[in-house]
Amino acid sequence: MSFFLVLSAVAAAFTSFILWRAFKIWDGYKRLGHLPGFYTLCEATTAFGALAPSGSWNLGLSFTWKRKEYLYTQYQSEVIAIFPLLWGNANVYHASPEVLRQIKGINSAFHKSEMGQGSMKIMGPNVVASEGEDWKRQRRITTPAFNGNSYRSVWEESSRIFNEMIKHEGWATEKDALIPDICVYSRKFALLIIASVGFGLPLDWSEPRYDAQGKMSKEEIITQVSMNILPRFVLPWWVYSVFPTKGLRAIDTAYKTIEVLLRNMIDTRADEIRKSMSLNEDLDHQIRDVFGRLVAAQIREGEKLSLNDQEIIGNAFILLFAGHETTAYTLSATLALLALNEEEQEIAYQHIKKTLPDDRLPTFDDYDSLNVVLACFYEGLRMYPAAYLTIREASEDTRLTVPSLKRPGETETVTIKKGTTIMNDFVGMSYNERIYPNPGKFQPSRWYDTNVDRLTNFGAGPRTCLGMKFATTEATCFLTLLLREWKVEVVLEDGQTKEEWKTKYLTPTLLTTLTLDEVPLRLVKRGL
Ligand code: HEM
């Protein structure tokens, strides 16, 4: 009897699932059947689709990278639809900067989709994940923290931390240095900058990741937090006690510790700011870090107009995350591409020598003149778009004007129904041959005219990346200091070609951001 009951329950559940999926497929086809595209089993950005191993049955998050040469051209369309049979909704993917600008423009009928934002909110509401009036308030408060003075601090800190790195790693006295994985250094560099300029928390390059008692350093806590956003978001709280593996314990400890750390920082900074206010000191001059400015705004304007504690924590988390991984992986990719393309590296080196004659040290005032170095970073970002996907949802039926691939020079109109999710595929845009002829070629000269309006990898419209100049300042400083002293080379194994090296080390994994796993490089001192 009980067996019969169980069997009936399983049959009922199975039938409901089939009916539910049949409805989803019908609904997807009704909304998007007019677009070219394909069927698959799971939608890539669902938790299941993202975390399950990829293969013929599951696209996996990295599919836009793996299919970048043909995902859109095979359909002769820059807008396609993907219809999942077993899991997830039918969505639109596009590879067109023109479409991106329509979607992200002022008064656009697209808003950030809940689906893309969940993992960004794990520590509290923030400017990246909020919408409408909430977003306007958070953007108004965070924007002034990104100004000329903070970029000057970014440059000065980048220069200081770069020198600390060279000294601590013992490279200053070496003719050449073998670096097993440049990402380890670029991540640490970017993290120390954001900790210092973003939080007024100067961390020491030489501090070990764990102390003698096995306690994590602040750097390790931040690294664990930002590298484990997806598992933290997806795994239920009880997993950490039921399966206390070393990895899961590290994630749990890091998240709990950072929350306490940030709360203590809010209290300490609030006390300092109140004291300064009572002494009538000039706060704007005194507080130079982003975090301090958020706390000061709360005290001056009150929580209603400003941010509450949880929002300060949410924004602090997002700055730590957005402010370091993206820049770090782009820097690693740029260095690897410069190592692979020696002529381009030589052009950048000659440009640095010309801009900084007599081996003068660069300062922030040289930033605009170092446009060739910046162009290398932009091209690295184009080829390895750290923010590889952003997700929007249509609030109403909307018509998009799409450049036609079938009839070059003409446009087509595509209707997107209310409630449809659209994926802004930055890999697709970066490798769009119509925009970037020969897209697989590293060609920094595409950006010499510094017409950054063409560069969509920092987003578009009112929600363009708030940290763009922050990132380009630290990157330009780092690259200038490195390339003027060192030639960067790839480390080839016996018989390995550069192309094989590229395939082995420069094939990224697409998770919360586009990441590189291990990039071995050699630095060879110039002028010896
Ligand atoms: C190479 C480095 C970076 C890349 C490629 C990048 C890319 C992006 C992109 C594409 C967006 C738009 C997201 C969307 O429309 O949904 C964005 C937003 C944002 N980024 Fe960045 N970013 C970088 C560095 C930084 C840094 C260094 C910071 C802070 C220090 C930062 C802070 C932010 C913030 C706060 C937003 C949200 C803006 C808003 O919604 O109003 N980013 N970023």
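As the structure is a prediction and not an experimental result, all values here were calculated from the model. (Residues numbered from 1 in each chain as written. Predicted model: local features only at pLDDT ≥ 70, side-chain atom pairs only at ≥ 80, totals over all residues. Heavy atoms only, no water.)

Within the protein, a single donor atom binds the iron atom of the ligand, namely C465 (SG) at 2.3 Å. The residue C465 is located in the loop between α19 (426-430) and α20 (468-485) in this model. (Donors = N, O, S within 2.8 Å, 3.2 Å for Na, K, Ca; no water. Helix = DSSP H or I, 4+ residues; strand = E, 2+ residues; numbered from the N terminus.)

Here the focus is the sheet that holds strand β4 (residues 110-112). Taken together, six strands build an open sheet; the order of strands is β1-β2-β3-β9-β6-β4 and the sheet is mixed. Two strands bound the open sheet, and with one partner strand each, they are β1 (37-42) and β4. If you compare each strand with its neighbour and ignore which way they point, the axes differ by 35° on average. The pairing of strand β3 (residues 91-94) with strand β9 (residues 421-425) spans three bridges and is classified as parallel. Bridge pairing in β9 places Y93 opposite M423. Strands in contact with helix α1 (residues 2-32) are β1, β2 (79-87) and β3; relative to β2, the strand with the most contacts, it is inclined by about 175°. This element, helix α4 (residues 97-104), spans β2, β3, β4, β6 (389-394) and β9 of the sheet and lies at about 130° to β9. (Pairing = 2+ DSSP bridges. Axes fitted to C-alpha atoms, helices over the stretch in contact; angles between N-to-C directions. Contact = heavy atoms within 4.5 Å.)

A few words now on a nonpolar patch on the surface. Side chains of W20, Y29, Y39, F48, W57, L85, L86 and W87 sit close together on the surface and give an oily, nonpolar patch of about 810 Å² of accessible area. Looking at the nonpolar patch, the elements that each hand over two or more residues are α1 and β2. At three residues, the largest contribution of residues to the nonpolar patch is made by β2. As for its placement among the helices and strands, W57 is situated in the loop between α2 (47-51) and α3 (63-66). A residue is classified by how much of its surface remains accessible, and W57, at 36% relative accessible area, is partly exposed. (Patch = residues over 30% accessible without salt bridge, like charges linked within 9 Å, V, L, I, M, F, W, Y side chains within 5 Å. Areas by Shrake-Rupley, 256 points an atom, 1.4 Å probe, with all protein chains shown as cover. Salt bridge = Lys/Arg side-chain N within 4 Å of Asp/Glu carboxyl O. Buried < 20%, exposed > 50% of the residue type's maximum accessible area, 1.4 Å probe, protein only.)

One open sheet accounts for three strands, arranged β5-β13-β10; its pairing is antiparallel. The open sheet has two edge strands with one neighbour each: β5 (176-179) and β10 (486-490). When strand polarity is set aside, the average angle formed by the axes of neighbouring strands in this sheet is 20°. One ladder, built from four bridges, connects β5 with strand β13 (residues 521-525); its direction is antiparallel. Bridging from a neighbouring strand, L178 pairs with R522 of β13. Where helix α16 (residues 325-340) meets the sheet, it contacts β10 and β13, and its direction lies at approximately 85° from that of β10.

In total, this model carries 19 aromatic pairs according to the counting rule given. Between W501 and Y505 the ring centres are 5.4 Å apart and the planes differ by 50°, which places this aromatic pair in the tilted class. With W501 and Y505 both in helix α21 (residues 498-505) and four residues apart, the pair spans about one turn of that helix. Relative accessible area serves as the criterion here: at 0%, W501 is assigned to the buried category. The rings of F17, W20 and W87 are connected pair by pair, giving a single aromatic cluster. For R382, the ring lying beneath its charged end belongs to Y431, and the centroid distance is 5.8 Å. (Phe/Tyr/Trp six-rings, centres within 6.5 Å; stacked < 30°, edge-to-face > 60°. Lys NZ or Arg CZ within 6 Å of the ring centre and 35° of its normal.)

Turning to empty space enclosed by the protein, a few remarks are in order. Going through the model one piece at a time under the given rule, you end up with two cavities of 30 Å³ or more. Volume-wise, the largest cavity comes out at about 50 Å³. Residue contributions to the lining of the largest cavity peak at four residues, all from helix α12 (residues 246-278). Classifying every residue of the lining of the largest cavity by side-chain character gives eight nonpolar, no polar and no charged. Around the second largest cavity sit M165, W171, I179, I182, Y185, F478, L482 and L523, which together line it. Counting residues per element, the ones that place at least two in the lining of the second largest cavity are α8 (182-199) and α20. For the lining of the second largest cavity, the residue count by class is eight nonpolar, no polar and no charged. (1 Å grid on protein atoms, 1.4 Å probe; cavity = no way out; pocket = protein on both sides within 12 Å on 5 of 7 lines; lining within 4 Å. Points joined across faces, edges and corners; volume = space filled by probe spheres on them. Nonpolar A, V, L, I, M, F, W, Y, C, P; charged D, E, K, R; others polar.)

What follows is about the site of the ligand. Among the 26 residues in the neighbourhood of the ligand, the closest are listed as K104, W135, R139, R392 and C465. A distance of 2.7 Å separates an oxygen atom of the ligand from a polar side-chain atom of R139. At 2.9 Å, a side-chain N or O of R463 approaches an oxygen atom of the ligand. Among the secondary structure elements, those contributing two or more residues to the shell around the ligand are α6 (132-142), α16, β6 and α20. (Near = heavy atom within 4 Å. Polar contact = N/O pair within 3.5 Å; in protein donor to acceptor, adjacent residues only side chain to side chain.)

Moving on to the pattern of salt bridges. Summed over all chains, the structure comprises 29 salt bridges. Between E219 and K188 there is a salt bridge, and its shortest N-O distance comes to 3.5 Å. Of this pair, E219 sits in helix α9 (residues 218-227) while K188 sits in helix α8, placing them 31 residues apart in sequence. In this pair, the class of E219 matches that of K188, namely buried. As a salt-bridge pair, D252 and R232 come within 2.9 Å of each other at their nearest N and O atoms. You can see D252 sitting in helix α12 and its partner R232 sitting in helix α10 (residues 229-234), a full 20 residues away along the chain.

By themselves, these figures tell us nothing about what the structure is for.
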